[in-house]
Amino acid sequence: MSSKPAFIKELSLPAIAAPMFLISGPELVVECCKNGIVGTFPALNQRTSQGFEEWLVQIKEELDSFENETGKKAAPFGVNLIVHPTNPRLEADIKLCIKHKVPIIITSLGAVSRVVDAIHSYGGIVFHDIIKKRHAEKAAAAGVDGLILVAAGAGGHAGTINPMALVGEIKKFFHKTIVLSGCISTGRDIAAALQMGADMAYMGTRFINTEESKAELEYRKMIIDAGTSDVVYTAAISGVHANFLGASLKAAGLTEEDLKKNTKVDFGKELDTEAKAWKTIWSAGQGSALVDDSMPVSTLVSNLKIEFKEAIEAQVKVLDTYPK
């Protein structure tokens, strides 16, 4: 029996549009799923559990309508839950995920078997964010179905380990689904992720610059203008190291000294204090260097599929270059 979820083979691309704080909402999620890739959003993008449930209902209804009208099967959607003691909404939001049978749950900042078991109770799948081996081992022990390896250069709460080394290290002991995150902006990048041993690619920054995202126009322009050296890695904003656009940090008046400070992690504050901060301090990965436009999700996915196919076909031809 395969240890990989069956839905992966039903996608138009082996890709997940990552859940982005204040950026991902129902419109982005639904368009991703309609176009055959997994769409996700953070539960905390809604200020209350009531609002969170409203989004779940909206997404499910729109995807059901799409399938009924077209006869096509939409990709599954997912929700990101912050499994941290300071998140006051965790229990309520878990209950709502169970009630609405959310297909995929992405857990961050804590892999807890109780949460995994709760999602498994209705047939849901749990993927967990990790940035190092120790976190992966704990998540594996908790029974997660897959690991999201957040490698160096990823947007948001990223790690610092090279993706080639990280994938190889984790695959030595984890034999379920591997999802790779970090500077994945093109279809060729998705193909490269699979070549390294991942099962799927995790894309965030590239989807900020879509018409369906909640990002402001200035945010999107800043990504287009950014190079790899314009992304700053700091724990000063949320207490967890993350990558941000340097131009937005500068515009907020933050100095180099400010960025060296460590803020205490408290997701009780994330609903208000941090949400206000992230409205003007914008996150992006080093993959922003490859983003030079903004387009609808449907166009982006179509382009990614073409690039992915071309990359795979080119790799097949490489085999003819070398002796058998």
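Anything mentioned here points back to the structure above.
Residues numbered from 1 in each chain as written. Predicted model: local features only at pLDDT ≥ 70, side-chain atom pairs only at ≥ 80, totals over all residues. Heavy atoms only, no water.

Teacher, can you tell me more about the pairing of strand E7 (residues 177-181) here?
Two faces, one strand: in a regular strand the side chains alternate between the faces of the sheet. Among the five residues that make up E7, five are buried, leaving the element largely enclosed by the rest of the structure. Where burial is concerned, the two faces of E7 agree: the one with Thr177, Val179 and Ser181 and the one with Ile178 and Leu180 are both buried. Relative to strand E8 (residues 200-203), E7 runs parallel, the two being bridged by three bridges. If you follow Leu180 over to E8, its bridge partner there is Ala201. (Buried < 20%, exposed > 50% of the residue type's maximum accessible area, 1.4 Å probe, protein only. Helix = DSSP H or I, 4+ residues; strand = E, 2+ residues; numbered from the N terminus. Pairing = 2+ DSSP bridges.)

Sorry if this is basic, but what is going on with the sheet that holds strand E3 (residues 77-82) here?
Strand order in the closed barrel formed by eight strands is E1-E2-E3-E4-E5-E6-E7-E8, and the pairing between neighbours is parallel. Across the sheet, the axes of successive neighbouring strands diverge by a mean angle of 25°, strand direction being ignored. Relative to E8, strand E1 (residues 15-17) runs parallel, the two being bridged by three bridges. By the bridge assignment, Ala15 is partnered in E8 with Ala201. Lying on the sheet, helix H6 (residues 163-171) is in contact with strand E5 (125-130), strand E6 (146-150) and E7; it crosses E6 at an angle near 155°. (Axes fitted to C-alpha atoms, helices over the stretch in contact; angles between N-to-C directions. Contact = heavy atoms within 4.5 Å.)

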